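# Remarks on the overall topology
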Amino acid sequence: MKCPYCSNLDTKVVDSRAMEDSSAIRRRRECENCEERFTTYERVENIPLAVVKRDGTREAFSRAKILAGLVKSCSKRPVSMEQIEAIVGDIENAVINLGTKEVESNKIGEIIMDKLKDVDEVSYVRFASVYREFKDIDTFMQELSKLLQEKENIKKT
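Sequence order as written defines residue numbering, which begins from 1 separately in each chain. At least 70 in pLDDT is required for a residue's local features to be given in this predicted model, at least 80 for side-chain atom pairs to be given and counted, and no such filter applies to totals for whole chains, interfaces and linings, which use all residues. The side-chain values count all of the structure's non-hydrogen atoms but skip hydrogen atoms and water molecules.

Our next topic: the overall build of the protein chain. We count a stretch as a helix when DSSP gives it H or I for four or more residues in a row; a strand needs E for two or more, and each element gets its number in order from the N terminus. Helix and strand counts for the protein chain stand at five helices and six strands. Radius of gyration: over C-alpha atoms. The globule rule applied is 2.2 Å multiplied by the number of residues raised to the 0.38 power. A compact globule built from 157 residues would reach a C-alpha radius of gyration of about 15 Å, whereas the protein chain, at 24 Å, exceeds it by more than 25%. Taken along its principal axes, the extent of the C-alpha atoms in the protein chain is 75 × 35 × 30 Å. Remark: exposure states derive from per-residue accessible area (1.4 Å probe, protein chains only) relative to the maximum for the residue type, with buried under 20%, exposed over 50%, and partly exposed in between. The 157 residues of the protein chain split such that 28% are buried. Contacts spanning at least 24 positions in sequence make up 40% of the contacts within the protein chain whose residues lie at least 6 apart. The method behind every accessible area is Shrake-Rupley, applied with a 1.4 Å probe, and residues are considered shielded solely by the protein chains displayed. Of the roughly 10900 Å² that the protein chain leaves accessible, carbon and sulfur atoms contribute 50%. Charged residues are defined here as Lys and Arg on the positive side and Asp and Glu on the negative side; His and the ends of the chain fall outside this count. We put the charge of a Lys on NZ, of an Arg on CZ, of an Asp on CG and of a Glu on CD. In the protein chain, which carries 28 positive and 29 negative side-chain charges, the distance between the mean positions of the two groups comes to 2 Å. Every residue pair with non-hydrogen atoms within 4.5 Å of one another is taken to be in contact.

Dropping the structure here:
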């Protein structure tokens, strides 16, 4: 770390502590040359994540957009805002852990459906009906059949 007073590159860390909100680490440093002290902050660099939509356009990943979709799907269902927030956090972590700068919207949709299925099946079907763009009752019934089949497989194990 370069000293802001004398531009010397040799500095030592005197004290380190996390910020109250754990968003950064505050470090007190001392210059080996002029012995002046200064403070630096270390933060995780968030690489902007782009979502590639079905039509090929790109937009910034939006946690708020996922939250809004889940709130609509879980409307009038026994799903608390805390559960919804936890799902959004899980989804955001899963997307970030993919390790890519771009992620396709259908991948995000599948992650959302996997998480929602475990919380509330009606909310899952609501989300799936919009996400999968059900055109008629047959596609709706196919999705319900898959859900029921998975439920049966879980009961067998």
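So that's the structure; there's more coming.
Turning next to the sheet that holds strand β3 (residues 37-43). Across the sheet, which stays open at both edges, the three strands sit in the order β1-β2-β3 with antiparallel pairing between neighbours. Where the open sheet ends on each side, the last strands, each with one partner, are β1 (11-18) and β3. Mean inter-strand twist for the sheet, computed between neighbouring axes without regard to direction, equals 25 degrees. Alignment of β1 against strand β2 (residues 24-31), held across seven bridges, turns out to be antiparallel. Two strands make a pair as long as DSSP finds a minimum of two bridges between them. Throughout, an axis means a line fitted to C-alpha atoms (over the contacting stretch in the case of helices), and angles, computed between N-to-C directions, take values from 0 to 180 degrees.

Honestly, it's all geometry; don't read function into it.
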